[in-house]
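# Analysis of the macromolecular model
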Amino acid sequence: MRRLLDGPHPAVPPELVVEAMRRGARRGRRRARARRLLWLVLSVAFLVFVVWASVEQPWNPPPAETTPPLNGW
């Protein structure tokens, strides 16, 4: 293996470097776009949860289904 690595390296075509840089830049833009989309979805989900929780107030006990008996009337 060492002899293979120490030996002469093949020449890299110049257009290969340009193509690799173009693909890398495109991949970076796609990742940035995906990250922004993920943050947008998470933000909207959090906002929906906050609105739902403020309207429904799930921390309050539900109202009683039956009324208590009236004594003394």
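The coordinates are above.
Residues numbered from 1 in each chain as written. Predicted model: local features only at pLDDT ≥ 70, side-chain atom pairs only at ≥ 80, totals over all residues. Heavy atoms only, no water.

### Focus on the environment of V18
Relative to the elements of secondary structure, V18 occurs in helix α2 (residues 14-56). Residue classification places V18 among the exposed positions, given a relative accessible area of 57%. Spatially, the C-alpha atom of V18 lies 41 Å from that of A45, the residues being 27 residues apart in sequence. (Helix = DSSP H or I, 4+ residues; strand = E, 2+ residues; numbered from the N terminus. Buried < 20%, exposed > 50% of the residue type's maximum accessible area, 1.4 Å probe, protein only.)

### As for the environment of R26
Among the structural elements, R26 can be located in helix α2. Taking the C-alpha atoms as reference points, R26 and S54, 28 residues apart in sequence, are found 42 Å from one another.

### A look at unusual backbone geometry
If you check the backbone angles, Q57 has positive phi at about 45 degrees while not being a glycine. Relative to the assigned elements, Q57 resides in the segment after α2. You can call Q57 partly exposed: its relative accessible area is 34%.

### Let's talk about α2
In a regular helix each residue adds 1.5 Å, so 43 residues correspond to 63 Å; α2 covers 63 Å between its end C-alpha atoms and thus fits that length. In the segment just after α2, Q57 is the residue with positive phi, at about 45 degrees. (Expected span 1.5 Å × (residues − 1).)

### Quick word on the pattern of salt bridges
Once the charged atoms of two side chains with opposite charge are near each other, the side chains can pair. Within the structure shown, the criterion is met by 2 salt bridges. The salt bridge partner of E19 is R22, with a shortest N-O separation of 2.4 Å. Here E19 and its partner R22 are both found in helix α2, 3 residues apart, which amounts to about one turn of the helix. Here R23 and E19 are joined by a salt bridge, their closest N and O atoms 3.0 Å apart. Taken together, the residues span about one helical turn, with R23 and E19 both in helix α2 at a distance of 4 residues. Residue classification places E19 among the partly exposed positions, given a relative accessible area of 26%. In the salt-bridge network here, residues are joined through shared partners; they are E19, R22 and R23. (Salt bridge = Lys/Arg side-chain N within 4 Å of Asp/Glu carboxyl O.)

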